[in-house]
Amino acid sequence: MNFEATPAPIPQEGSSPSPYSGSSPSPYLTTSIDAVINWGRSNSLWPFPFGTACCAIEFMSLMSARYDFARFGTEFMRFTPRQSDLLLIMGTVTYKQAPILRRIYEQMAAPRWVISAGACASSGGFYDAYCTVPGIDHIIPVDVYIAGCPPRPEAYIDAARILQEKIKDEGFMRDRIQKLRDRGEDLNA
Amino acid sequence: MSQYAKQLTPASAADFAAASRNTFEHLCAIVPATRDGQETIATAAIVAASDLRKAVLFLRDTPEFAYDMLIDIVGIDYLHYEGHKGSRFAVVYLFKSIAFAAHRFQLKVLVDEEHLNVPTIADLYQIANWQEREVYDQFGIHFEGHPNQKRLLNHFEFVGHPLRKDYPAQKRQWLSTNDPMIDQLELRLKENGIDVLDPMPLNTPAVEDLIKGDRL
C-alpha cells in the first residue's frame with residue numbers, strides 16, 4: 001500500500017495561518033480507495049467460528065494466550081453471522097448440518113470470506129459415508145483451505161496471512177467501475 | 001439394588017437356564033452368547049416377536065436376575081452374511097443387572113423382511129424410546145405401539161435406511177432445510193406440564209421465514 005505525502009499548502013499572505021503550517025508534517029495523504037478499503041478489511045477480520053469437531057479444539061488454543069490469533073487482526077469472535085465477515089469452518093459437516101451452514105453463510109453480509117480448516121471440512125476426511133459432506137465447497141465457496149487432522153495453530157495463522165494477502169488484492173472500486181462500464185456497453189449496444 | 005445383593009447369589013448362565021426352566025424356557029431358546037460358547041457371565045436367548053414383552057418383563061421383574069438396565073438396542077442386517085439362513089433382520093436387546101454388576105443378557109428377535117414389526121418396550125424402559133427410534137431410522141424396522149416413531153439420527157427428508165446392507169454406501173442425499181424440531185420441543189413441554197396454546201405448524205413457509213430471519 002502506498003501512502004504518498006502531499007506537500008502542505010503554501011499559506012497565502014494575509015490569510016489566517018493554518019494550524020498545520022510551520023514545521024509540522026503534512027496532514028494529507030493520497031492513495032486509492034481500494035488500498036484503504038483493503039487495508040481496513042484485511043486487518044480487522046471478525047471471525048464466526050463454526051466448530052463441529054476436534055479442529056475447533058485446536059482453534060481454542062489458537063485464540064488463547066500462547067498463539068494469540070488476535071495479533072493478526074482477527075480480533076473479535078462474533079457468534080452471530082450478521083456481525084462477522086470471516087466464516088471459519090472447523091470440523092466434519094454432515095448432510096443434516098449442510099442446510100444450517102448454508103443458511104449461516106447466506107446470513108453474513110458481504111464482503112465475506114471462508115476458511116475451511118482441516119481434512120473433514122475440506123474434503124470429508126476419512127468419512128466416506130452416507131452422512132458426511134465430502135468437502136464444504138459443495139455448499140459454499142471457500143477462500144482458503146487448511147490441511148491437517150487437526151491443523152496446528154500455526155496453520156491457522158498461515159491461512160489468515162494468506163487470506164489477508166488475498167483481501168489486499170481485491171478491488172472494490174475496480175469491480176464497481178467494471179460493473180458500470182459493462183452496464184454502459186450494454187446501454188450503447 | 002442392595003436388597004437383592006444381600007439375599008441372592010449372582011446367576012450364571014447355567015443357573016439361569018436351570019432357574020428359568022419353567023417360566024422362561026418355553027418362551028426362548030437359550031443360545032451361547034459368544035461363538036465359542038465359553039462365555040459364563042453373559043447369556044443370550046432368541047425369542048419370537050410375539051413373546052418379546054413377556055420375556056423382557058420376566059428379565060426385569062424376576063428378583064433373581066433383575067436386569068433393570070437396558071444398555072442398547074441394536075439392529076442387524078444379515079444380508080450377504082456368510083452361512084446365515086432365515087430371517088434377514090434381527091433386533092438385539094442388551095440388558096444389564098445393576099444388582100449383579102457383571103451380568104449381561106442379550107435378547108434377540110429375528111425379523112423377517114416381509115413383516116418388519118416388533119412390539120415396543122418403550123413403556124418398560126424409558127431409554128428404549130430413543131433406541132427404538134434409532135433402529136427404525138437405520139434399519140426400517142417398525143416398533144408397534146411406539147409413542148413417537150420418527151427418525152432419530154437422520155434428517156426427516158432422508159429417504160431409505162442407511163445401515164441396511166443394500167443401501168449404497170456412496171449415495172449422497174441433499175437436504176433442503178434445517179430441522180427446527182419444534183414438534184419435539186412442544187412434546188417435551190407438554191411432558192413437563194407446560195401448555196402449548198398455539199402449536200406451531202412444522203415446515204410451513206412461515207416457519208421457514210422465521211428461521212431465516214426474514215420475519216420478526
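One structure accompanies this document, and this report is about it.

What counts, and where the lines are drawn
Within each chain, residues carry numbers counting from 1 in the order of the written sequence. Note on labels: chains are lettered from A, ligands numbered from 1, in written order. Local features are withheld for residues below a pLDDT of 70 in this predicted model, meaning they are given only at 70 or higher, and side-chain atom pairs are given and counted only at 80 or more; totals for whole chains, interfaces and linings count all residues. Each helix is a run of H or I in the DSSP string that is no shorter than four residues. Each strand is a run of E no shorter than two, and both are numbered from the N terminus. In this scheme every C-beta is placed from the backbone, and a residue whose C-beta has 20 or more other C-beta atoms within 10 Å is buried, one with 12 or fewer is exposed, and one in between is partly exposed. Placing a C-beta atom from the backbone of each residue, one calls two residues in contact when those atoms lie within 7 Å. Here the term charged refers only to Asp, Glu, Lys and Arg, the term nonpolar to Ala, Val, Leu, Ile, Met, Phe, Trp, Tyr, Cys and Pro, and the term polar to all other amino acids, Gly among them. In this analysis, strands are considered paired if DSSP registers two or more bridges between them. Axes here mean lines fitted to C-alpha atoms, for a helix over just the part in contact, with angles spanning 0 to 180 degrees between N-to-C directions. Connectivity within a nonpolar core runs through C-beta atoms within 7 Å, and the core itself is a set of buried Ala, Val, Leu, Ile, Met, Phe, Trp, Tyr and Cys residues. The cut-offs work like this: below 35 degrees is roughly parallel, past 145 is roughly antiparallel, 65 to 115 is roughly perpendicular, and the gaps in between are oblique. By convention, the crossing between two helices is left-handed when the near helix turns anticlockwise from the far helix through less than a right angle, and right-handed when the turn is clockwise.

Thoughts on the overall build of chain A
1) Next: A count of helical and extended segments in chain A gives six helices and six strands.
2) Next: Listing every helix and strand of chain A by position from the N terminus yields β-β-α-β-α-β-α-β-α-β-α-α.
3) Next: Out of the 189 residues belonging to chain A, those deemed buried represent 26%.

Thoughts on the overall build of chain B
1) Next: The helix and strand inventory of chain B stands at six helices and seven strands.
2) Next: Here the analysis covers contacts within chain B between residues at least 6 apart in sequence; of these, 55% occur between residues at least 24 apart.

Quick notes on the interface of chain A and chain B
1) Next: On the side of chain B, eleven residues touch chain A, which itself brings nine residues to the contact.
2) Next: Tallied by class, residues from the side of chain A that touches chain B come to six nonpolar, one polar and two charged.

Section: the sheet that holds strand β4 (residues 86-90) of chain A
Residues and elements named next belong to chain A.
1) Next: Taking strand neighbours across the sheet as the criterion, the four strands line up as β3-β4-β5-β6 in an open arrangement whose pairing is parallel. Both edges of this open sheet fall to β3 (47-51) and β6 (144-146), since each of them pairs with a single strand only. Each adjacent strand pair in this sheet contributes to an overall mean axis angle of 15°, direction not counted.
2) Next: The sheet contact formed by β4 and strand β5 (residues 113-117) spans five bridges and is parallel. The partner of L88 across the bridge, within β5, is I115.
3) Next: Packed onto the sheet, helix α5 (residues 153-168) meets β5 and β6 and runs at close to 165° relative to β6.

Let's talk about the environment of E82(B)
All names here are of chain B.
1) Next: By the element assignment, E82 lies in the loop between β3 (69-77) and β4 (89-96).
2) Next: Given 5 C-beta atoms within a 10 Å radius, E82 is considered exposed.
3) Next: Sequence separation of E82 and A45 is 37 residues, and the distance between their C-alpha atoms is 21 Å.

Examining the environment of L62(A)
All names here are of chain A.
1) Next: With respect to the secondary-structure elements, L62 resides in helix α2 (residues 54-63).
2) Next: Residue L62 is classed as buried on the basis of its 25 C-beta neighbours within 10 Å.
3) Next: In this structure the C-alpha to C-alpha distance between L62 and P153, which are 91 residues apart in sequence, comes to 5.1 Å.
4) Next: Among residues more than four places away in sequence, those in contact with L62 are Y67, F69, P153 and Y156.

Here we look at the pairing of β4(B)
1) Next: Relative to β4(B), β3(B) runs antiparallel, the two being bridged by eight bridges. Considered in β4(B), the bridge of D72(B) is made with L94(B).

What to know about the nonpolar core
The tendency in soluble globular proteins is for nonpolar side chains to be buried as a group.
1) Next: Counting 34 residues, the largest nonpolar core has L87(A), L88(A), I89(A), M90(A), I115(A), A117(A) and Y156(A) as the members making the most contacts within it.
2) Next: Of all the secondary-structure elements, those providing two or more residues to this core are β3, α2, β4, α3 (98-107), β5, α4 (118-123), β6 and α5 of chain A.
3) Next: Leaving out residues up to four positions away in the same chain, I89(A) has contacts with F50(A), V114(A), S116(A), A117(A), A121(A) and I136(A).
4) Next: Formed by 33 residues, the second largest nonpolar core is a distinct cluster that contains Y67(B), L70(B), Y93(B) and F139(B).

Some details on unusual backbone geometry
1) Next: Going from A110(A) to P111(A), the amide bond is cis rather than trans, its omega being 0°.
2) Next: With respect to the element layout, P111(A) can be found in the loop between α3 and β5.
3) Next: P150(A) follows C149(A) through a cis peptide bond whose omega is -10°.
4) Next: As for its position among the elements, P150(A) is in the loop between β6 and α5.
5) Next: One non-glycine residue, D68(A), lies in the positive phi region at around 50°.
6) Next: Backbone geometry at H80(B) places phi at a positive 65°, although glycine is not the residue there.
7) Next: Given 8 C-beta atoms within a 10 Å radius, H80(B) is considered exposed.

A few points about the packing of helix α1 (residues 33-42) of chain A against α5(A)
All names here are of chain A.
1) Next: Interaxial distance between α1 and α5 falls to 8 Å at its minimum, and their mutual angle equals 160°. Compared by their axis directions, α1 and α5 come out roughly antiparallel. Crossing of α1 over α5 shows right-handed handedness. Here N38, R41 and S42 of α1 come into contact with α5, specifically with Q164, I167 and K168.
2) Next: Of the residues belonging to the contact of α1 with α5, the class tally is one nonpolar, three polar and two charged.

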